[in-house]
Amino acid sequence: MARRPSEVGGLYALDKPSGITSQTALTIAKRHLGVRKAGHSGTLDPLASGLLIVGVGTWSRLLAFIVGADKTYHAVIRCGLRTDSLDITGAIQGVGWVPPTVDVQVVEECLARLRGAIWQTPPAFSALKVHGARAYELARAGQDVALASRQVTISSLALLGLRRTGPFFDIELRVRCSSGTYIRSLASDLGDLLGTGATLFALRREAIGSVTLASASEPDVIGREQRLPLSLIFPEFGRFEVDETELVAARNGRWLACPDSLASYREVIVLAAGDAPEFRRLVGIYRVVGDRLVPSRIVPTEGTT
């Protein structure tokens, strides 16, 4: 495939299909965008589908400001089934009949206990490191993996539906949660509260911060014309364009004078003026400190991105 011109830096919304890794989805997208270097904002398990935000070129430096955003998921949790990975891809550890007493009222009462700030233990089959090794590597080797619980926030947990599937009981949810939340652990915790055991059956990420799947394309059809506007990704950030004189100072890490119009912002994205509106060169992220813009993250000089 012929490589396209170089002005491809930017941020894109990718809809990862279920059944492939996030890295595979990124590799396919890079080929269709005609680029070599790109990163993404937060891995989805192969089972999961949905939103990844992809940064191309030096714009990938902005991903650090995205990964901490709240996430929204559509999840199906299967009660009556336990697996070692806490999702449907794992080895079965237990199967049980879900009694008819588990109904909407019982489920809602249990969901109420999982809303807000909660303590959660990450799955043993996760990419977290234990003494320098990935937890999933230790778990696959048959070693006991003990991960410390941590506090996460479930800001919204909506019950969308219930249905019986043979001996099992499927609960359909929409979850909005803080970064670092494991929906697999949430499924397991819900199963414990219900007394049935549970595992994650299906998962789709619908939003990262203010970006939703409405802006996303699948890896094999994504194009550079689908580059995301900064106002969509960073609605709380200011935007400042520098002329050539200010650009030299900014590239050297110097502070800039903060216009009055940006004084109310905490952080400002600085761009080089003079190019097409949606393809201006990224200079960096600055913090507003009094009447100054102080560099927080400067990106290297690049061509036309």
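It should be noted that the structure appears before, not after, this text.
Everything quoted here is computed from the prediction, not taken from an experiment.

A.B. asks: Looking at this structure, how should I read the packing of helix α2 (residues 104–112) against helix α4 (residues 183–194)?
C.D. replies: How two helices pack is summed up by the angle between their axes together with the distance between the axes. At a closest axis distance of 10 Å, the pairing of α2 and α4 adopts a crossing angle of 125°. Overall, the two elements α2 and α4 adopt an arrangement that is oblique. Viewed along their axes, α2 and α4 form a crossing whose handedness is right-handed. When α2 is examined against α4, the residues Val106, Val107, Cys110 and Leu111 are found in contact with a partner set consisting of Leu190, Leu193 and Leu194. Grouping the constituent residues of the contact of α2 with α4 by class yields seven nonpolar, no polar and no charged.

A.B. asks: How do you make sense of unusual backbone geometry when you look at a structure like this?
C.D. replies: Most peptide bonds are trans, and most residues other than glycine sit at a negative phi. A positive phi angle, close to 70°, is found at Leu86, a residue other than glycine. Considering the arrangement of structural elements, one finds Leu86 in the loop between β5 (81–83) and β6 (92–95). When its relative accessible area of 17% is taken as the criterion, Leu86 is described as buried.

A.B. asks: What exactly am I supposed to notice about the sheet that holds strand β15 (residues 256–257) here?
C.D. replies: The five strands lie next to each other as β14-β16-β17-β18-β15, forming an open sheet whose pairing is mixed. For this open sheet the edge positions go to β14 (238–242) and β15, each flanked by a neighbour on one side alone. Taken together, the six bridges between strand β16 (residues 267–272) and strand β17 (residues 281–289) define a ladder with antiparallel strand orientation. Bridging across to β17, Leu271 finds its partner in Leu282. Set on the sheet, helix α6 (residues 244–251) makes contact with β14, β15, β16, β17 and β18 (292–298); between it and β17 the angle comes to about 75°.

A.B. asks: Can you walk me through the environment of Val175 in this structure?
C.D. replies: Within the secondary structure, Val175 sits in strand β11 (residues 168–177). Remark: the alpha-carbon pair of Val175 and Ala75, spanning 100 residues in sequence, is separated by 7.5 Å. Not counting residues up to four positions away in its chain, the partners in contact with Val175 are Lys71, Thr72, Tyr73, Ile154, Ser156, Leu157, Ile183 and Leu186.

A.B. asks: Teacher, can you tell me more about the pairing of β11 here?
C.D. replies: For a regular strand, the rule is simple: side chains alternate between the two faces of the sheet. The element β11 is largely enclosed, with a buried count of eight among its 10 residues. Pairing analysis gives nine bridges linking strand β4 (residues 71–79) to β11, with the strands arranged antiparallel. Of the residues in β11, the one forming a bridge with Ile77 is Ile171. Bridge count for strand β10 (residues 150–165) against β11 is 10 bridges, and the pairing is antiparallel.

Conventions used here
Residues numbered from 1 in each chain as written. Predicted model: local features only at pLDDT ≥ 70, side-chain atom pairs only at ≥ 80, totals over all residues. Heavy atoms only, no water. Axes fitted to C-alpha atoms, helices over the stretch in contact; angles between N-to-C directions. Helix = DSSP H or I, 4+ residues; strand = E, 2+ residues; numbered from the N terminus. Parallel < 35°, antiparallel > 145°, perpendicular 65-115°, else oblique. Left-handed = near helix turned anticlockwise from the far one by under 90°. Contact = heavy atoms within 4.5 Å. Nonpolar A, V, L, I, M, F, W, Y, C, P; charged D, E, K, R; others polar. Buried < 20%, exposed > 50% of the residue type's maximum accessible area, 1.4 Å probe, protein only. Pairing = 2+ DSSP bridges.

Any link to function would need more than the numbers given here.
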